[in-house]
Amino acid sequence: MQQRQKGFEFGDMENQAADEGGEAELASKPPITLIPGYLNQAQQQALIHEAEHYPFTRPEIRIFGRTHPIPRRQVWFGDDGCDYLYSGLFIRAEPWPKYALRLREKLQRDFGLVSNGVLVNHYRDGSDTMGWHSDDEAEIVPGSDIASVTLGVSRPFFLRHNESKTKVELMLNSGDLLIMHWPMQSSWQHALPKRAKVTRPRLNLTYRHLIPHFHQG
Ligand SMILES: O=C(O)CCC(=O)C(=O)O
């Protein structure tokens with residue numbers, strides 16, 4: 001049976017998944033569901049240990065004509081043909097590791113959340129970061145949700161509406177699940193800001209549903 005939970009944590013405001021719809025609603029409340037403590041300690045530890053062996057890289061991206069290594073490490077796991085073009089980088093899908101795959105299956109069981117790839121980001125400390133962006137690449141299946149699971153140190157996570165500029169801040173703790181519902185990626189951006197005082201690492205896994213073989217046609 002599909003389970004659809006709603007969570008709460010929205011700065012001082014009440015969080016409510018904005019699937020009731022409406023432009024004004026969408027401009028003030030991001031369509032998200034936060035489920036604190038979705039993964040238990042054993043599940044978190046299994047993933048954290050597994051990630052010690054992930055083939056992370058720190059690719060270079062071009063910004064205003066100059067190349068810079070991204071301020072974090074990342075790896076993309078996916079089904080055959082689910083390669084990803086992200087921030088101008090073409091990332092070939094690596095085969096699924098055991099626990100990342102189990103989490104994919106759990107998300108599908110618990111929420112009917114279909115995915116065929118996961119981007120894993122590793123932030124060594126608070127100087128590693130993710131800038132403002134939307135996950136709106138052409139190969140993402142229209143209408144699909146993105147599930148984001150956090151492990152390790154707690155960090156704030158920001159969302160900002162493209163037009164109203166409404167800003168929402170969440171605190172993401174280890175084991176939390178944040179579901180970014182469609183159409184969040186077309187009207188909101190998100191970011192993980194730097195935090196100088198954070199000295200411990202954080203992992204984040206975002207499960208996405210891609211159109212298979214998109215880059216092979
Ligand atoms: O680390 C995070 O929580 C954000 C990850 C993210 O924005 C992404 O993978 O697109």
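Computed from a predicted model, the values in this text were never measured in an experiment. (Residues numbered from 1 in each chain as written. Predicted model: local features only at pLDDT ≥ 70, side-chain atom pairs only at ≥ 80, totals over all residues.)

Some remarks on the site of the ligand
Phase 1: Taken together, the neighbourhood of the ligand is formed by Leu-119, Asn-121, Met-130, Asp-135, Ser-148, Phe-157, His-190, Leu-192, Asn-204 and Thr-206.
Phase 2: Going through the elements one at a time, β7 (117-123), β13 (188-192) and β14 (202-208) are the ones with two or more residues in the shell around the ligand.
Phase 3: Across the shell around the ligand, the residue classes tally to four nonpolar, five polar and one charged. (Near = placed C-beta within 6 Å. Helix = DSSP H or I, 4+ residues; strand = E, 2+ residues; numbered from the N terminus. Nonpolar A, V, L, I, M, F, W, Y, C, P; charged D, E, K, R; others polar.)

Observations regarding the sheet that holds strand β1 (residues 32-35)
In a beta sheet, neighbouring strands are held together by backbone hydrogen bonds and run either parallel or antiparallel to one another.
Phase 1: A sheet is described by the order of its strands in space; here six strands give the open sequence β1-β12-β9-β14-β7-β4, paired in antiparallel fashion. On the outer flanks of this sheet lie β1 and β4 (73-78), each paired with one strand and no other. Neighbour to neighbour, the strand axes of the sheet diverge by 15 degrees on average, direction disregarded.
Phase 2: Alignment of β7 against β14, held across seven bridges, turns out to be antiparallel. Note on β14: the bridge partner recorded for His-122 is Leu-203.
Phase 3: In this fold helix α3 (residues 98-111) packs onto β4, β7, β9 (146-152), β12 (177-180) and β14, with an angle of close to 55 degrees to the strand it touches most, β14. (Pairing = 2+ DSSP bridges. Axes fitted to C-alpha atoms, helices over the stretch in contact; angles between N-to-C directions. Contact = placed C-beta atoms within 7 Å.)

What to know about α3
Phase 1: Taking 1.5 Å of rise per residue, 14 residues should cover 20 Å, and α3 covers 20 Å from first to last C-alpha, within 8% of that figure.
Phase 2: Taken as a whole, α3 has its buried residues at Ala-100, Leu-103, Arg-104 and Leu-107. Projection of α3 onto a plane perpendicular to its axis shows the buried side chains occupying an angular sector of 105 degrees, all on one side. Residues of α3 that are exposed and angled more than 90 degrees away from the buried face: Lys-98, Glu-105 and Arg-109.
Phase 3: Each element contacted by the buried residues of α3 is listed here: α2 (41-51), β4, β7, β9 and β14. (Expected span 1.5 Å × (residues − 1). Buried ≥ 20, exposed ≤ 12 C-beta atoms within 10 Å, placed from the backbone. Arc of directions from axis to C-beta.)

Remarks on the pairing of β1
Phase 1: Side-chain alternation along β1 places Ile-32 and Leu-34 on one buried face and Thr-33 and Ile-35 on a second face that is also buried.
Phase 2: Here β1 runs beside β12; their pairing, made up of four bridges, is antiparallel. The partner of Ile-32 across the bridge, within β12, is Met-180.

Things to note about the pairing of strand β11 (residues 167-172)
Phase 1: The sheet contact formed by strand β10 (residues 155-161) and β11 spans six bridges and is antiparallel. For Pro-156, the partnering residue across the bridge sits in β11 and is Met-171.
Phase 2: Between β10 and β11, which follow one another and run antiparallel, lie five residues, and Lys-165 among them has a positive phi close to 65 degrees.

As for the environment of His-213
Phase 1: With respect to the helices and strands, the residue His-213 is situated in the segment after β14.
Phase 2: We classify His-213 as exposed; it has 12 C-beta atoms within 10 Å.
Phase 3: Separated by 129 residues in sequence, His-213 and Tyr-84 have C-alpha atoms that sit 9.8 Å apart.

Some remarks on unusual backbone geometry
Phase 1: Cis geometry marks the peptide bond from Trp-182 to Pro-183, where omega comes out at 5 degrees.
Phase 2: The phi torsion at Phe-64 lies on the positive side, around 45 degrees, for a residue other than glycine.
Phase 3: By secondary structure assignment, the location of Phe-64 is in the loop between β2 (60-63) and β3 (66-69).
Phase 4: A positive phi angle, close to 65 degrees, is found at Lys-165, a residue other than glycine.
Phase 5: With respect to the element layout, Lys-165 can be found in the loop between β10 and β11.
Phase 6: What makes Lys-165 exposed here is the crowd of 8 C-beta atoms within 10 Å.

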